[in-house]
Amino acid sequence: MIHQFKIKIVLALILVSSAMQAQHSLPVYLDDNQLIEARVEDALSQMTLEEKVAMVHAQSKFSSAGVRRLGIPENWMTDGPHGIRAEVLWDEWDQAGWTNDSCMAFPALTCLAATWNPEMAALYGKSIGEEARYRNKNVLLGPGVNIYRTPLNGRNFEYMGEDPFLASCMVVPYIQGVQKNGVAACVKHYALNNQEVDRNFVDVHVDDRTLYEIYLPAFKAAVTEGNAWAIMGAYNRFDGQWACQNERLLKTILRDEWKFDGVVVSDWGGVNDTKEAIYNGLDMEFGTWTDGLTSGVSNAYDNYYLADPFLKLLRSGAVKEEEVDKKVRNILRLVFRTTMNRSRPFGSFSTPEHSEAGRRIAEEGMVLLKNDRQVLPINLIAAKKIAVIGENAIKMMTIGGGSSSLKARYEQSPLDGIKQRIGSQAEIVYARGYVGEVSAKQDGLASGQDLSDDRTPAALTAEAVQVAKSADYVIFIGGLNKHEGQDCEGADRASLGLPYRQDQLIQALAKANKNLVVILISGNAVAMPWVKEVPAILEAWYSGSEAGNALARVLMGDVNPSGKLPFTFPVQLMDVGAHSVGDYPETATKDETYKEGLFVGYRWADQQKIQPLFPFGHGLSYTTFAYGKATTDKKTLSGTDVIKISVPVKNTGKRAGAEIVQVYVSDLEASLPRPVKELKGFQKVWLNPGEEKTVTITLDKNALSFFDDKRHEWVVEPGQFEALIGSSSANIQGKVTFEWK
Ligand code: BGC
């Protein structure tokens, strides 16, 4: 009775606007959001203080309490962002040893970003969301959208590159795809977590323009367009306060400016103070490193900042109950959106459809960086013998890298993929070439590979060169790996160069065989002192379960590469703003000021007139494209007008392929310094040989605005603008001029 009465009161409150209708006894329909709010208030009104506090902190490594008495389920989280983490023990990172938790490993987010195809992001989100749902997880810890500030960041492979516009366009469909499954996407790591060195201590200082124009847009898009139901606070500090308890980030920006109504989850161990965690907008605390978490004391979770210390303050009246209510409301809303949504689908796990999705994304993301003499695709009619050289041809890459490590149902290596694709059409010989990391381990999972090889580098090189000399093609497969100090959480790379003496080996192979193809498996840019000596280079990323298949299909020309770089490949570190003038890495004081400001990636290269090794947006195809003359539908615009930029693009080669047409905006008369140009539109267009299509990209006021920090708003100033139409940030094919009035 009491229960029903309360529901009625709540409904009455929410339905003020429908009051007239109700008086005339007409049926009242609540929309989904109103229903959820009614249920949230109802549940909250029945919870004890203890039950509320239990909800706002972890009860195990990846779960938090529900309220059994009221039928409110627990919350179960999972990493993210490339596949569903294997089940771990209750209070440990180690494996639970299940036999039915081997997931589909999807390509790394750098690869997804390199597709420049929001449809691929939607497919990715849908597929990984289905896997999370099937495994009964209601929060997926991903995707990550921290901006690529330095090529040394060990976690760049989990993010979507250097450009806020590209990352925004790709993150939204990923989130929507995940959440269709009744699983919350938890976007991470909010904010300014752009390095792993000192990640728990570094205090980032960045001016407001840079914050709003570079580091926040992808998070904003995730919240305001993707409607993300959760967001993860970062480890680092921002202007003196840890991100997980940062008033400005969590309250002023996230809640007040963006109207976020989801849950703020701390990164694992990201909370450092009870009072700040209570008052500054955090909702859930996870992974705090109290003694119990390493030594297994049974009440470790009660010691969390938002556990007993919080309860004590509430009980004594020192903190008002409304503080915990705010958090619980957000958490209950998440529960009703996910686990308590009775119409959510059942999900699916490790299915052929997910293999197919992973393969398609991997294929579309691979970036052909160089292809002199059309060495690629491999001509199987002419080739009798193909040499495959390099550790990454055989090394499992799904294990390692930190929290994104996966227990994959299968992982096809590049060598196996190539062998399977070529079959008996040519002889394939393999040589190791170099020895990097002989095994991979993470959280009690091991790759099972023992790649140890005692030969000296000289002996390995000699064998590789000999094999290379005898072959028609040499496919060198190297790059980085998921070992600490490479592409891995917890540390940054020591240098831009390739590890394990690969440079010397590549140079020796280039001398031995003119048909050398270098395949880079990495999530980061690398230096290429040998770039002029090697005719063909392909960036193949970490591409998950289907890595081998996807790579083989691109190499043999079954698939025409169509990816473009989501970040700049600099020639040297000093060509990167963060290294040239920024404080990276400020290990002494831990106070790091992003002195390069807005000038990240190509914005820095443009401003300093530096020619990158490979520019942002670059990527070749096995066919060629010709751009016609760009036109606009108007010459001036104002207010809510939009301008349409059109350009005909023709496939002038012999194969079907896709081109990514990019539009960069240049503000010719600004009162504040602006980057030379900024990406504001793009479109991937598929063309058959000889086919021509007109690509039209629409720009509005947002595309022309900058963030005026004095006025604290986005402004567009009257004056001339240019839209530069390019096949990369450095290859501008045409431009149009227009005026904002
Ligand atoms: C990482 C997060 C991850 C969490 C849980 C942290 O160390 O920074 O990205 O989701 O662990 O594994």
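No experiment lies behind these values; they were computed from the predicted model shown.

Undergrad: What am I meant to see in helix 9 (residues 217-224) here?
TA: Owing to its 3.6 residues per turn, the α-helix aligns residues three or four sequence positions apart on the same side. With respect to burial, helix 9 is a largely interior element, six of its eight residues being buried. Of all the residues in helix 9, the buried ones are Pro-217, Ala-218, Phe-219, Ala-221, Ala-222 and Val-223. Residues of helix 9 that are buried make contact with helix 7 (164-179), strand 4 (184-190), helix 8 (208-215), strand 6 (230-233) and helix 10 (247-257).

Undergrad: How should the state of the cysteines be read in this particular structure?
TA: Two cysteines joined by a covalent bond between their sulfur atoms form a disulfide. Applying the stated criterion across every chain yields a total of zero disulfides. Looking at the unpaired Cys-103, the closest cysteine sulfur is the one in Cys-111, lying at 16 Å. On the accessibility criterion, Cys-103 (0% relative accessible area) is buried. With no disulfide of its own, Cys-169 lies 18 Å from the sulfur of Cys-111, the closest cysteine sulfur.

Undergrad: Explanation requested: the sheet that holds strand 5 (residues 203-205) in the structure shown.
TA: Backbone hydrogen bonds hold the strands of a sheet together, and the pairing may be parallel or antiparallel. The sheet built from four strands is open, its strands ordered 8-7-5-18 with mixed pairing. If you trace the sheet from one side to the other, it starts and ends with strand 8 (241-242) and strand 18 (591-593), each paired once. Here three bridges tie strand 5 to strand 18, and the two strands are oriented parallel to one another. Within the sheet, the bridge partner assigned to Val-204 lies in strand 18 and is Glu-592.

Undergrad: Mind showing me how you'd approach the domain arrangement of the protein chain here?
TA: Frequently, the measure chosen for interface size is the accessible area that the parts lose on association. The domains assigned to the protein chain are domain 1 (2-337), domain 2 (352-566) and domain 3 (623-740). On a C-alpha basis, the centres of domain 1 and domain 3 stand 35 Å from each other. At the junction of the two partners, domain 1 supplies 14 residues and domain 3 supplies 17 residues. Of the roughly 1,400 Å² buried between domain 1 and domain 3, counting both surfaces, carbon and sulfur atoms make up 63%. Of all residues in domain 1, Trp-116, Phe-165 and Arg-209 give up the largest surface area on contact with domain 3, accounting jointly for 48% of the area buried on that side. For the interface between domain 1 and domain 3, the tally reads zero salt bridges.

Conventions adopted
Residues numbered from 1 in each chain as written. Predicted model: local features only at pLDDT ≥ 70, side-chain atom pairs only at ≥ 80, totals over all residues. Heavy atoms only, no water. Buried < 20%, exposed > 50% of the residue type's maximum accessible area, 1.4 Å probe, protein only. Helix = DSSP H or I, 4+ residues; strand = E, 2+ residues; numbered from the N terminus. Contact = heavy atoms within 4.5 Å. Disulfide = S-S within 2.5 Å. Pairing = 2+ DSSP bridges. Domains from an automatic or database assignment. Buried area = accessible area lost by both parts, 1.4 Å probe. Salt bridge = Lys/Arg side-chain N within 4 Å of Asp/Glu carboxyl O.

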